[in-house]
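# Reading the structure
Each chain, written out:
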Amino acid sequence: MHKSMGASLYVPANHKHLLDIANGDKLPGARSLIFCTEDAVADRELSWALFNLAVVLENMRPEVTADRFVRVRNPDVLARVLAMKGAHKLTGFVIPKATRHNLEAYVKLVRGTDHMLMPTLETAEVFSESEMEAFRELLQSPGIRNRILALRIGGNDLLALLGLRRPRGMTIYRTPLGPTIARLVTIFRPYGFALTAPVFEHLDLPELLDQEVQEDLAYGMVGKTAIHPTQIAPIEAHYKVKPQDLEAARAILDPNSPAVFKMHDSMCEVATHRAWAERMVAQSHLFGSDPTEAPGWPAAFIEKENS
């Protein structure tokens, strides 16, 4: 079962308030933070960013509940971060431009640690089904599989490879990346790998962000990258489980339920819907239930199908 992550906020490693953010003094509601040393930091600022990160890791409180990751730039930067005092307080690392040709260099560095990895799919190989299948085989290797928390989809980098930028009037799923994301879902999710959705780079289109997150969830994404704190709440609002879905999920998991039954005018089949039901219940524990989505009928019911 895939654990929902909700919104993961990218924060440049040279941010002047990085320590306050890491300790939860700023943005206390953030549940997943990614300190970026890659695209969010210019080459000329990398040394300062790594110095700033070193100070933050040493003074970062370990008891903070948020997951904290570093998006490294390359294996050398990963080695430098691992050598910093306090690196053990990190949940893990986001690997940029991950392929089957470079991942093992990162994996070797974290051996002997408890760090998890989130490889980012954002290179030309992503457009090749055979390459993604080969990458999946590598990810399933002993010593690697248990390190992979999720695979992140780098939408902007993939669009850049096509010479495109997301139009302001449509979701990522209406661009050429729509079929690519669908293929990644079918390649990786049946084998137990979770996927997170690309960033939504426009801050003044809340309705379109809402629509895209709904599509993220329809595609089975367990989280979405946020580029600004104001995106966290709107993203995670969609991870609140609808009461009727939660009722159905609990009924599906009830050992006394029939194999097939009707609920809220939909068929529920225990054998095929169990994974969904487990995810809905777990998601409700993390994000709660959406009180604005109350069912439009007096009471839930289970009706055994006789036909």
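One structure accompanies this document, and this report is about it. Just so it is clear, the structure is predicted and the values come from calculations on it, not from any experiment. (Residues numbered from 1 in each chain as written. Predicted model: local features only at pLDDT ≥ 70, side-chain atom pairs only at ≥ 80, totals over all residues. Heavy atoms only, no water.)

## Topic: the overall build of the chain
Using the following cut-off: Each helix corresponds to a stretch of at least 4 residues labelled H or I by DSSP, and each strand to a stretch of at least 2 residues labelled E; elements are numbered beginning at the N terminus. Note on classification: 1.4 Å probe, protein chains only; a residue is buried when its accessible area is under 20% of the maximum for its type, exposed when over 50%, partly exposed between these limits. In this description, contact between two residues means that some pair of their heavy atoms is separated by no more than 4.5 Å. Residues scored as positive are Lys and Arg, those scored as negative are Asp and Glu, and His as well as the terminal groups of each chain are ignored. Every charge is mapped to an atom, namely NZ of Lys, CZ of Arg, CG of Asp or CD of Glu.
Helices and strands together make up the secondary structure of the chain, namely eleven helices and eleven strands. Buried positions account for 49% of the 307 residues belonging to the chain. Sequence-distant contacts in the chain: of pairs separated by 6 or more residues, those separated by 24 or more amount to 76%. Here the chain contributes 34 positive and 37 negative side-chain charges, whose respective centroids are spaced 5 Å apart.

## Some thoughts on the sheet that holds strand β5 (residues 116-121)
The cut-off we apply is this: Between any two strands, pairing holds if DSSP finds at least two bridges. Fitted lines through C-alpha atoms give the axes, limited to the stretch in contact for helices. The angle between two N-to-C directions lies from 0 to 180 degrees.
The strand order β1-β2-β3-β4-β5-β6-β7-β8 describes a closed barrel built from eight strands, whose pairing is parallel. Taken pair by pair, the neighbouring strands of this sheet meet at an average axis angle of 30°, ignoring direction. Pairing between strand β1 (residues 6-12) and strand β8 (residues 223-226): four bridges, direction parallel. Of the residues in β8, the one forming a bridge with Gly6 is Gly223.

## Focus: unusual backbone geometry
Despite not being glycine, Lys97 shows a phi value in the positive range, around 50°. Summarising the element assignment, Lys97 is placed in the loop between β4 (92-95) and α4 (103-110).

## Details of the side chain of Ser257
Condition: Counting of polar contacts relies on pairs of N or O atoms within 3.5 Å, with two restrictions inside protein: one atom must be capable of donating a hydrogen and the other of accepting it, and residues adjacent in sequence are counted only when both atoms are side-chain atoms.
Along the chain, Ser257 falls in the loop between α10 (243-253) and β9 (260-263). For Ser257, the side chain forms a polar contact with the main-chain oxygen of Ala251, separated by 2.5 Å.

## So, the pairing of β8
Note the following rule: Consider the strands pointing away from the viewer: the crossover is right-handed when the path from the first strand over the helix to the second runs clockwise.
Judged by which residues are buried, β8 turns out to be covered on both faces: Gly223 and Thr225 on one side and Lys224 and Ala226 on the other are all buried. In the sheet, strand β7 (residues 195-197) pairs with β8 via two bridges, with the strands oriented parallel. The partner of Thr196 across the bridge, within β8, is Gly223. Since β7 and β8 lie parallel, the crossover through helix α8 (residues 206-218) that links them has a hand, and here it is right-handed.

## Overview of the packing of helix α3 (residues 75-82) against α4
Stated precisely, the cut-off is as follows: An angle below 35 degrees is read as roughly parallel, one above 145 as roughly antiparallel, one from 65 to 115 as roughly perpendicular, and any other as oblique. Put simply, Ala, Val, Leu, Ile, Met, Phe, Trp, Tyr, Cys and Pro go in the nonpolar bin, Asp, Glu, Lys and Arg in the charged bin, and everything else, Gly too, in the polar bin.
Their axes nearest at 10 Å, the elements α3 and α4 cross at an angle of 10°. One finds that α3 runs roughly parallel with respect to α4. When α3 is examined against α4, the residues Pro75, Leu78, Ala79 and Leu82 are found in contact with a partner set consisting of Ala105, Tyr106, Leu109 and Val110. Residue composition of the contact of α3 with α4, by class: eight nonpolar, no polar and no charged.

## Focus: the environment of Leu151
Topologically, Leu151 is positioned in strand β6 (residues 151-153). What makes Leu151 buried here is its relative accessible area of 0%. In this structure the C-alpha to C-alpha distance between Leu151 and Gly92, which are 59 residues apart in sequence, comes to 13 Å. Excluding residues within four positions of it along the chain, Leu151 makes contact with Pro119, Leu121, Leu139, Phe188, Phe193, Ala194, Leu195 and Thr196.

## A look at the nonpolar core
For clarity, the threshold we go by: Among the buried residues, those of types Ala, Val, Leu, Ile, Met, Phe, Trp, Tyr and Cys that are joined through side-chain atoms within 4.5 Å form a nonpolar core.
Formed by 67 residues in total, the largest nonpolar core has its most connected members in Phe35, Val81, Phe93, Leu121, Phe135, Leu139 and Phe188. Among the elements that line this core, the one with the most residues is helix α7 (residues 177-188), at six residues. The next biggest cluster of nonpolar side chains, apart from the first, holds 13 residues, and it includes Ala248, Ala251, Phe261 and Met263.

## So, the packing of aromatic side chains
Cut-off, in case you're wondering: For this analysis, a ring pair means two rings from Phe, Tyr or Trp (six-membered ring only for Trp) whose centres lie within 6.5 Å, classed as stacked if their planes differ by under 30 degrees, edge-to-face if by over 60, and tilted for the remaining angles. Any Lys NZ or Arg CZ that is within 6 Å of a ring centre and within 35 degrees of that ring's normal is treated as a charge sitting over the ring.
Applying the stated criterion to the full structure yields four aromatic pairs. Summarising the aromatic geometry, the rings of Trp48 and Phe51 are spaced 5.6 Å apart at their centres and angled 35° between planes, so their arrangement reads as tilted. In this pair, Trp48 and Phe51 are both assigned in helix α2 (residues 46-59), three residues apart and thus about one turn of the helix distant. With a centroid separation of 6.2 Å and an interplanar angle of 90°, the aromatic rings of Phe188 and Phe193 are classed as edge-to-face. Considered together, Phe188 and Phe193 belong to a single accessibility category, that of buried residues. Of note, Arg136 hangs over the ring of Tyr191, and the distance from its end group to the ring centre comes to 3.9 Å. Just above the ring of Phe193 sits the side chain of Arg145; from NZ or CZ to the centre is 4.0 Å.

## Overview of the pattern of salt bridges
How we decide: We count a salt bridge whenever a side-chain nitrogen from Lys or Arg sits within 4 Å of a carboxyl oxygen from Asp or Glu.
The tally for this structure, following the rule as stated, stands at 17 salt bridges. With its nearest N and O atoms 2.5 Å apart, the salt bridge here joins Asp43 to Arg73. Taken together, the residues span a long stretch of sequence, with Asp43 in the loop between β2 (32-36) and α2 and Arg73 in the loop between β3 (67-71) and α3 at a distance of 30 residues. A residue is classified by how much of its surface remains accessible, and Asp43, at 64% relative accessible area, is exposed. Among the residues examined, Arg73 registers a relative accessible area of 18% and is labelled buried. A salt bridge links Glu131 to Arg100, with the shortest nitrogen-to-oxygen separation between them at 2.9 Å. Residue Glu131 is located in helix α5 (residues 129-139), and its partner Arg100 is located in the loop between β4 and α4; the two are separated by 31 residues in the primary sequence. Bridged by salt links that share partners, the residues Glu38, Asp39, Arg71, Lys97, Glu122 and Asp157 form one connected network.

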